[in-house]
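Coordinates in review
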Amino acid sequence: MSSSERLLLSGDEAIALAARHAGVALGAGYPGTPSTEILEEFSRLGGRAQWSPNEKVALEVAIGAAFAGARAIATMKHVGLNVAADPLFTVAYTGVSGALVVISADDPGMASSQNEQDNRHYAVAAGLPMVEPSDSQEAYDLFLAAVEISEQWHLPVLYRVTTRVCHSRTIVAPRPPADAVPKADYRRDVRGRVMIPAHARPAHRRLREKLAAIAAWNETSPLNQHVVGSSPLGIITSGVAFMHAREAAPDASVLKLGLTHPLPFEKIARFVEEVEQCMVIEEGDPYLAEAIRARGIVVEAKPEMFRFGELNVNRVRRILAGDISPEPPPQPGKPPQLCEGCAHRSVFEALHKLECIVSGDIGCYTLGVLPPFDAMDTCVCMGASLGVGLGLRHTLPPEQARRVVSVIGDSTFMHSGIPGLVEMVYNPPATGHVVIILDNSTTAMTGHQEHPGTGRSLDHEVTNKIVFEDLARALGIRRVHVVEPRPGSEELERLISESLASGELCLIIARRPCILIAKQLREYEKCATVCEPVEV
Amino acid sequence: MSDSSVTNVVFGGLGGQGVLKASDILADAVVRAGFDVKKSELHGMSQRGGSVSSDVRFGTRVLSPMVPAGEADFLVILTADQVEPNRHVLRAEGKLILPDAVSVELLLNRKSLNVALLGVLSRQLPIAEEHWLAALRANLAEKLHAVNLQAFNLGRNSGKI
Ligand SMILES: Cc1ncc(C[n+]2csc(CCOP(=O)(O)OP(=O)(O)O)c2C)c(N)n1
Ligand code: SF4
C-alpha cells in the first residue's frame, strides 16, 4: 500500500482499515448506530468479525482474545458500554497480554439514540486511557496508537468516537500494514487474571501506577497537537469540536487533545499561561473543563445550554462570543415511520384496538408510539420491556394489570430479553403476563444485521440458530404461540385477547420477515439448503 | 467568516431518494479532482422514510465536516416539500437546485433524479467531466450505469437553475 494513496473513508471505515492494518485477530460487537459499520467493514476487508448477543458478551470475547495475547476490538454504541460496564471496570485491573481497544461510539444530539450520555466519564470511572479522533485520518492514526498504548502498558484503551466522526467521510492516507503481529499464546498468570480480592487489591494499585506513567508520557505525547495562533485567544478542545473551533476561530491558538485520559495537566497549564484568555470547546458534558479547573488551572467553560446536542461551527462562534440568546429551533423535518407493509404495523393495530398498556422496547417497532398506532407506553433501554411490564403487572390494580403487554424485537430479545423472561417465570405476576416477540428475522433498526435467532453469522453464513419457542418452553412457559402478523388477519388480535384473559404466562411470537430484506432472505435460504450448520 | 476557498453543497430529501448516494458521488468526483473534501450525513431513524440531508464541503483544506447554517453555496433538493426544512443552510446568494430543474418525464428511470440533479450541479462546479463519470461508475452497480449516465447528461446538458 503506497503512502501517497488517498482514500475517502468514513470514520467507521477508517477504524476498520486500521484494525486490519494492525493485524487485529478478532472483532466482536453488537450493532448500534453510529458504531455498526466498523465490524461490517472489518469483516468485508477480511477481518474476523462477529456479532455477539450483546455488548457485555462482545467485550468478554474480546477480553479473552486479548488475554490470549492477540489484538482484539469490541465495538458498540455509547449505551452499549453500560451493558458492558461490568467487565470493563475489572479488565482495567487485570489488564491484557495482547491489545484490547474498546470502541464506544457516542451520539451527542441523539441522531439515533435514547440518550446522549458522554462516555468520556467511563475512562475516568474505570481508569482507562482514552483517545478521541476528530476526523477519519485521526480515526485511523489513533487506532494504531491505541493498539501501541494497549500493548505498551498492557491495558485496554477506550476509543471514544462520536456520530460526526463515525459517519463523515474525509480523506485518509493509510500506512503500510503491520508486518509483525504478536501471535496468540497462552501464559498462565493467575494473580493477574483471577480477580479474587487478594489479587484485585494489588491489581488496583498497579492500574493507578500505569495511569500515572501514561499521564507522564502524555505530557509530550505526539497525540496532542498545539496550533500556534496570532490572536490572544486560546482554545482547548478534543474530537470533532477541534474542527469546528479551528473554523470558527482561525487565528486562535489551539491545544487539541488526542489522548484525553489521563490528561497532560502540565502541558495544559503551560498552554493556558501562554494565552490571554482560554476557552474549553467540547461537545457534551464539560468533562475537560471540569477536570482542568479541578487542578486549579483557570479556563472558561461553555455555557450550560451547549451541553445539549451536537456542536457545529455556528454554535462554537456563539460560545466564543458569549452569546446565550435562544438558538433558532431546529427545522422540523419529516419524522420516520414504519415502512408500508411492515409486519410490526398489524401488531400495533391490534394492541391499539385492545387498549393494551404496552411496555415497549427499542428497535424499528418503537415507532409504534406514533399515530396512527399510539400503542407504546414505555421505552427505557434494550430489554426493559420485560422487567418494566412485570413491575407494572405486580403493582397496578388488577383491572389495569390485565391490560399490560411487553413487546420486544427479536434482536432485542436475544440481546437482553432472556433474563426478563426468566424473571417472569421466577416471579410471575398474579394476573399472569403476555410477552410479544416481534420476530422479523433481523436487526432492522440498525441496518439489518444478523443475530443468534436468525441462524446466520455477521457475514450471513449459516450457523446454529436459537429457536425462541423452544427456549420459552424449556423455561417452563406453557402458552407459547407462533403467529404470522398479516394485515387484515384477526388471528393475532384474537390470540392477544385470549392470552390476556387467560391470566397465565404467555409468549406470542409474531413472525414475519422485515419486508426490506424479504428478497435477500430467500437468497440466504437457498444457500442454507446447501451449507450444513454445525451439530450441537 | 467562512473560508472562501471552500465550496459548500447540501443535499436534502427523504429516505430512499438517493440523497446519500448523490453526496457520495460528488465527494468521490471531488477527490478525483484533487481537492480536500469532507462529507457528513446522519443515518439512523432517517432510513424509515424521514428527512435526510447530507453535506459536502471541498476546497484546499476543509475543517468542520458540516456546512454551517447560512453558508451553503448550493442546496440540491430531491423533493419539493424538503425545501423549507433546508432553506436556512443556503447563503444569501447561494443557488437552490430544485427537482423541476430537469424534465422528469425524460428520465429512463425516475429513481435517477438524484443523479440528474448532480448533472445540473456539475455545470456549476470546477470538476472535469471525466471525474464525474469515473465517480458515477465507481459508486453505482454496473447494471445501473446506462440509466444514470443518461440522467447525468440530461441534467448537465438541459438542466435549469
Ligand atoms: C445497549 C444498546 N445496544 C444497541 C442499541 C441500538 N439498537 C437499538 S434497537 C436495536 C435492535 C433492533 O432490532 P430488533 O429488536 O430486532 O427490532 P427491529 O428493528 O428489527 O424491529 C439496536 C441494535 C441500543 N439502543 N442499546
Ligand atoms: S425496516 Fe423492516 S422492520 Fe423496520 S419499519 Fe421497515 S419493514 Fe418494518
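Cut-offs and rules
Residues numbered from 1 in each chain as written. Chains lettered and ligands numbered in written order. Predicted model: local features only at pLDDT ≥ 70, side-chain atom pairs only at ≥ 80, totals over all residues. Heavy atoms only, no water. Helix = DSSP H or I, 4+ residues; strand = E, 2+ residues; numbered from the N terminus. Rg over C-alpha atoms; globule rule 2.2 N^0.38 Å. Buried < 20%, exposed > 50% of the residue type's maximum accessible area, 1.4 Å probe, protein only. Contact = heavy atoms within 4.5 Å. Areas by Shrake-Rupley, 256 points an atom, 1.4 Å probe, with all protein chains shown as cover. Near = heavy atom within 4 Å. Polar contact = N/O pair within 3.5 Å; in protein donor to acceptor, adjacent residues only side chain to side chain. Nonpolar A, V, L, I, M, F, W, Y, C, P; charged D, E, K, R; others polar. pLDDT = per-residue confidence, 0-100. Pairing = 2+ DSSP bridges. Axes fitted to C-alpha atoms, helices over the stretch in contact; angles between N-to-C directions. Expected span 1.5 Å × (residues − 1). Domains from an automatic or database assignment. Buried area = accessible area lost by both parts, 1.4 Å probe. Salt bridge = Lys/Arg side-chain N within 4 Å of Asp/Glu carboxyl O.

Counting its regular elements, chain B contains five helices and five strands. Counting from the amino terminus, chain B carries its helices and strands in the arrangement β-α-β-β-β-α-β-α-α-α. Its C-alpha radius of gyration of 14 Å places chain B within 12% of the 15 Å reference for a compact globule of 161 residues. Overall, chain B is about 45 × 35 × 30 Å in size when its C-alpha atoms are taken along their principal axes. A buried classification covers 58% of the 161 residues belonging to chain B. Restricting the contact set of chain B to residue pairs at least 6 apart, pairs at least 24 apart contribute 62%. Carbon and sulfur atoms make up 51% of the accessible area of chain B, which totals about 6,600 Å².

Residues and elements named next belong to chain A. Around ligand 1 sit 26 residues in total, of which Glu55, His344, Asp410, Thr412 and Ala444 are the nearest. With respect to ligand 1, the backbone of Cys364 contributes an N or O atom lying 2.9 Å from an oxygen atom. Contact distances for ligand 1 include 2.9 Å between an oxygen atom and a backbone N or O atom of Met445. Starting from 590 Å² of accessible surface for ligand 1 in isolation, the protein chains cover 98%. Where the shell around ligand 1 is concerned, the elements lending two or more residues are helix 4 (78-83) and helix 18 (410-426).

In this section: the site of ligand 2. Every residue near ligand 2 is listed here: Leu338, Cys339, Cys342, His344, Cys364, Asn440, Ala444, His448, Cys514, Ile515 and Leu516 of chain A together with Arg48 of chain B. The site occupied by ligand 2 is bordered by residues of chains A and B. Of the residues that constitute the shell around ligand 2, the class distribution is eight nonpolar, three polar and one charged.

All names here are of chain A. Within the secondary structure layout, Thr366 lies in the loop between strand 14 (357-359) and helix 16 (384-395). Side-chain polar atoms of Thr366 contact the backbone oxygen of Gly363, separated by 2.9 Å. Leaving out residues up to four positions away in the same chain, Thr366 has contacts with Asp361, Met376 and Cys379.

Now for the confidence of the model for chain B. Residues and elements named next belong to chain B. Averaged over every residue, the pLDDT of chain B is 92; the share at 70 or more is 94%. Of all secondary-structure elements in chain B, the lowest mean pLDDT belongs to helix 2 (residues 83-86), at 93, while strand 4 (residues 72-77) reaches the highest, 98. Listed scores for the predicted complex are pTM 0.96 and ipTM 0.94.

Most peptide bonds adopt trans geometry, and most residues besides glycine take a negative phi value. All names here are of chain A. Here the amide bond leading from His261 into Pro262 is cis, since omega sits at -10°, within 30 degrees of zero. Structurally, Pro262 is set in the loop between strand 12 (259-261) and helix 12 (265-274). For the bond running from Pro371 to Pro372, omega is 5°, close enough to zero to count as cis. Looking at the element boundaries, Pro372 is found in the loop between strand 14 and helix 16. The phi torsion at His460 lies on the positive side, around 70°, for a residue other than glycine. One can find His460 in the loop between strand 16 (433-439) and helix 19 (468-474). Exposure remark for His460: the relative accessible area of 28% places this residue in the partly exposed category.

Residue and element names in this part refer to chain A. Taken in spatial order, the seven strands line up as 3-2-4-5-7-6-12 in an open sheet, and their pairing is mixed. Two strands in the sheet have a free side with no partner beyond their single neighbour: strand 3 (49-51) and strand 12. Bridging between strand 5 (residues 99-106) and strand 7 (residues 157-162) involves six bridges; their strand directions are parallel. The residue bridging Ile103 from the neighbouring strand is Tyr159, located in strand 7. Packing of helix 2 (residues 36-44) onto the sheet brings it into contact with strand 2 (26-29), strand 3, strand 4 (71-77) and strand 5, and relative to strand 3 it is tilted by some 140°.

Moving on, we get to helix 5 (residues 145-158) of chain B. End to end, helix 5 of chain B covers 20 Å across 14 residues, agreeing with the expected 20 Å (1.5 Å per residue, within 8%). Buried residues belonging to helix 5 of chain B abut helix 3 (113-122) and helix 4 (129-139) of chain B.

Let us look at the domain arrangement of chain A. All names here are of chain A. Split by domain assignment, chain A resolves into domain 1 (7-218), domain 2 (225-321) and domain 3 (343-530). The C-alpha centroid of domain 3 is placed 32 Å from the C-alpha centroid of domain 1. Taken together, the contact between domain 1 and domain 3 spans 17 residues of the former and 16 residues of the latter. Of the roughly 1,200 Å² buried where domain 1 meets domain 3, counting both sides, 61% is carbon and sulfur surface. When residues of domain 1 are sorted by the area they lose upon contact with domain 3, Tyr30, Trp51 and Gln114 head the list and together hold 41% of the total. The tally of links between domain 1 and domain 3 comes to zero salt bridges. Applying the counting rule to domain 1 against domain 3 returns four residue pairs in polar contact (both at pLDDT 80 or more). Tallying contributions element by element places helix 2 first for the side of domain 1 that touches domain 3, with four residues. Taken together, the residues of the side of domain 1 that touches domain 3 sort by class into seven nonpolar, eight polar and two charged.

The next subject is the sheet that holds strand 18 (residues 505-511) of chain A. Residue and element names in this part refer to chain A. What the five strands build is an open sheet, ordered 14-15-16-18-17; its pairing is parallel. Since the sheet does not close on itself, it has two edges, and those belong to strand 14 and strand 17 (479-483), each with one partner. Averaged over all neighbouring strand pairs, the angle between strand axes comes to 25°, with direction disregarded. By the bridge criterion, three bridges tie strand 14 to strand 15 (residues 404-409) in an arrangement that is parallel. Residue Val358 lies in a different strand from strand 15, and its bridge partner there is Val405. With respect to the sheet, helix 15 (residues 343-353) is in contact with strand 14, strand 15, strand 16 and strand 18, its orientation differing from that of strand 16 by roughly 160°.

Per the counting criterion, the structure on display carries 40 salt bridges over all chains. Asp118 of chain A is the partner of Arg120 of chain A in a salt bridge, and the nearest nitrogen-oxygen pair spans 2.9 Å. Residue classification places Asp118 of chain A among the buried positions, given a relative accessible area of 5%. Among the ionic pairs, Glu129 of chain B bridges to Arg156 of chain B, the shortest N-O distance being 3.8 Å. Here Arg156 of chain B lies in helix 5 and Glu129 of chain B lies in helix 4, a separation of 27 residues in the sequence. Residue classification places Arg156 of chain B among the buried positions, given a relative accessible area of 15%. It is possible to trace a salt-bridge network through shared partners that takes in Asp106, Asp118, Arg120, Glu132, Arg160 and Glu282 of chain A.

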